[in-house]
Each structure stands twice: as structure tokens, then as C-alpha cells.
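# Examination of the molecular architecture
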Amino acid sequence: MLILGFESSCDETAAAVIEVTDGVFSLRSSIVRSQVDVHRLYGGVVPEIASRAHTEALSAITEEALSAAGVGLSDLSCIAVANHPGLIGALLVGVNFAKALAVRNKIPLVAVDHIRSHIAAANLLDSPPTPPYLAVAVSGGHTSIFSIGEDRRASLVGETRDDAIGEAFDKIGRRLGIPYPAGRGFDLLAQEGFSEMYGKRPDFDYVGHYLASPERKTMPPLPSPLLHGDGIAFSFSGLKTAAVNLLHRYSQTGEDFPRARFAAHYTAACVEGIAGGVRRAIDAYGAHDLVLGGGVAANSHLRRHLSAVVAEYGKALRLLPLDLCGDNAAMVAAEGYFAFLRGDFAGADLNASAADED
Ligand code: KG4
Ligand code: ZN
């Protein structure tokens, strides 16, 4: 069967076609129209601009996705749209577009969770994970750990109480003069810092090495984003504040600011927190393969360190290619397939919601 997916929750407008035959997923087309160049001028996403840009882009990218897949609307078995969480105006644009297309062409419509879609993207891998498995969704707005059961449902087992890891990179990145969204630039700057200390080494777990090394002590410690206790809960706001204070200290004392080393130090703190959450999830739910999804899943240091952590338990990190990490519509179509199987159809009264699903 062929599924057309739509994504419009934040600053990317996306449409994609996937095919699922006998439970095997394949990507037929994936079009992502990014708006970051516009939002960069303001240092972050401007909701009203995002909604307008989605409205302008949707028709064209739908045609592109269908034609790149070599299919027409009449070939589709289902249309899937992410209807939460995200910017409400932006989500509504995608929801209303998908709804109109589905009703007019009598195609079944399903609505899905954007965050769970990031994880469902793993079904598009050449060798997809088989449940049960664990998954981490790390993005500009979320830091969540899920357990995926035999029924393919992703149950939330832990999340952040405040800021997300992507926001933590974007905000501190901005202070370091990295343009929005700062994640990729931060990744490269941290790489410079790690390379200064350990040289350039392909596939090396720099964070794991740094955490156990004396170099770490040469900078003041940063608070862990993994909260104390047995549960799995993160908080990135304390880490962000401590990082800002450290930056102030450098500027006040006039000390030479080791920008790249600082980026490495901060990255290590972020990554160590996520890894700690994964260890607690493994303790609670058993050792399983781990899927890493969401925009921050592109972070090279997080990828390397989590690979090493799950390998300690004899399990594998199921990494997504970079174009399936950031927002895209193929992931929405993949999650939509499971909603379709469950018969979880949306009607003409489908709405959007800014809030998370539990
Ligand atoms: O999933 P996504 O595309 O959108 C949301 O759902 O939020 O994630 C965007 C986030 C941004 O915060 C961006 O800075 C971050 O992903 N990001 C990265 C990297 N590439 C993108 N963060 C760290 N390292 C990267 N290489
Ligand atoms: Zn996302």
C-alpha cells in the first residue's frame, strides 16, 4: 500500500510517499522545504511566518512528492498528517490541507504524533528494529525516551521537565555566535575542541573518552541534565544557566575563551545526560536495541557515545540517515501505517493540538 505523509509542525514543510508491502517499508519520495533561512533572521522560529510559508509550499511539494514517487492520488491507500505537538497555527495548515485532500479524493486519513513519528522513521531502515526495543527522541522541542512493545505502540518512559536538548544547543550556540539552528554548527565546533585534545579519529567515542579523562577537570563542572533519583527525567534549563554563567565568567575575567573546548565540554554534559537516561531505561526495561530519532539524532558525538553505551549491553544503536533525523514527512507516513492498521481513522472534524500526547 502507498501512504502520503504531511509534516508542518514547525519550520519545515514536508510531503512524502512510502510504500508498505507485507510489512516491508520503502521510501518512494521525500520532499522537505525548509524555512530556516527566513527564521534565521529572527534568531528562532516566528510562528506566523511559519504558517504562511507552509500554506505557500504545501500544494507544490505534494505534487513533487507524488511525481517523484511516480504515483497519483488514486493510487494512495492512506494520507497521514502530524497533528500534534508543535506550533498550533503551523499544524493546522497541514491538517486542513491533508483533510481537504483526503475528503475530496475519498482517501482514508490518519493523524499521528510528531515525536513518535521521529521514532517510526526507523521502520524505513534496510533492516528495521523488531519490537521490543527502546527509542530516544531528541529534537528542538523534545527529549523523550520510549519503550516500543510488540503492538508497535511507543510508550513514554521518561522526558524533559523543561527545555529540550535541541533548544539547549540552539540557545548556547547563539551565545557562541553560531547562527540558528545552531545544532550542526555546535557539533562541528565541539569536534574542533575534541580534535585539539585527542586528534581526528573516525568513529571515536570522544565523549566517553573525555568523561573519563583529566581534560574534563580543566573546565568547571556543568550540572547533569539527568535528574537525580531512579526515574527517567531530564532538565536542561539548569545546564543552560550554568553554561551562561561560565561564559560570563570568561568575559568578566578577560581570560582567553577556549570556544571549541567549551563546546566540547558542554556537548559532553548533554550527551552524558542522555546516556544516563538510556542506562536507566535499560535497567528498567531490559537491554534492547535502541533507536535514536529527531533532529539532534544527527549529532555525531551523541551517535558515537550512545553506540558505545548500548554495545556495553550487547545491543545495537539503530541510527537513522541524516535526512530521516530532522523533520520530514516519510516518518509521518511510517507512523501513519500503524494507525491505519489499527483502524484509527480521522474524520472531517480532525483538529490539531500544540500539546504532547502522554
Ligand atoms: O526534529 P527537528 O528537526 O525539529 C523539531 O521537531 O524540533 O529538530 C531540530 C533540532 C534543532 O534544535 C537543531 O539545532 C538540532 O535539531 N540539530 C542538531 C544537529 N542537527 C540538528 N543538534 C545537535 N547536533 C546536530 N548535528
Ligand atoms: Zn521534529
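Description of the structure in this document. Nothing here was measured: the structure is a model prediction, and the numbers come from that model. (Residues numbered from 1 in each chain as written. Chains lettered and ligands numbered in written order. Predicted model: local features only at pLDDT ≥ 70, side-chain atom pairs only at ≥ 80, totals over all residues. Heavy atoms only, no water.)

Taking strand neighbours across the sheet as the criterion, the six strands line up as 9-8-7-6-10-11 in an open arrangement whose pairing is mixed. With one partner strand each, in any of the chains shown, strand 9 (233-234) and strand 11 (317-319) form the two edges of the open sheet. Bridge count between strand 8 (residues 154-160) and strand 9: two bridges; the pairing is parallel. Paired with Glu-159 across the two strands is Ala-233, which belongs to strand 9. Contacts from helix 9 (residues 259-285) reach strand 6 (133-138), strand 7 (143-148), strand 8, strand 9 and strand 10 (290-293) within the one sheet, and its direction differs from that of strand 6 by about 155°. (Pairing = 2+ DSSP bridges. Helix = DSSP H or I, 4+ residues; strand = E, 2+ residues; numbered from the N terminus. Contact = heavy atoms within 4.5 Å. Axes fitted to C-alpha atoms, helices over the stretch in contact; angles between N-to-C directions.)

Formed by 96 residues in total, the largest nonpolar core has its most connected members in Ile-18, Val-138, Phe-194, Phe-262, Tyr-266, Ile-274 and Leu-306. Here the element with the most residues in this core is helix 9; it accounts for 14 residues. Those residues within four positions of Tyr-266 in sequence are excluded, and the remaining contacts are Ala-168, Phe-169, Ile-172, Phe-186, Leu-222, Leu-239, Lys-240 and Ala-243. Within the second largest apolar cluster, 25 residues are counted, among which are Leu-2, Ala-69, Val-71 and Leu-109. (Core = buried A, V, L, I, M, F, W, Y, C linked by side-chain atoms within 4.5 Å. Buried < 20%, exposed > 50% of the residue type's maximum accessible area, 1.4 Å probe, protein only.)

Protein ligation of the zinc ion (ligand 2) involves His-114 (NE2), His-118 (NE2) and Asp-327 (OD), the donor distances falling in the range 2.0 to 2.1 Å. Positions of the donor residues of the zinc ion (ligand 2), expressed as sequence spacing, correspond to H-x3-H-x208-D. Within this pair, His-114 and its partner His-118 are both found in helix 4 (residues 114-120), separated by four residues, close to a single helical turn. A single burial state applies to His-114 and to His-118, both of which are buried. (Donors = N, O, S within 2.8 Å, 3.2 Å for Na, K, Ca; no water.)

To continue, consider the pattern of salt bridges. For the coordinates displayed, the defined rule picks out 12 salt bridges. Among the ionic pairs, Arg-33 bridges to Glu-64, the shortest N-O distance being 2.6 Å. Of this pair, Arg-33 sits in strand 3 (residues 24-34) while Glu-64 sits in helix 2 (residues 47-69); the two residues are 31 residues apart in sequence, bridging distant segments of the chain. The closest approach of N and O atoms between Asp-113 and Arg-116, which form a salt bridge, is 3.2 Å. As far as the burial class goes, Asp-113 and Arg-116 line up, both buried. Through salt bridges with shared partners, a single network forms among Asp-113, Arg-116 and Glu-357. (Salt bridge = Lys/Arg side-chain N within 4 Å of Asp/Glu carboxyl O.)

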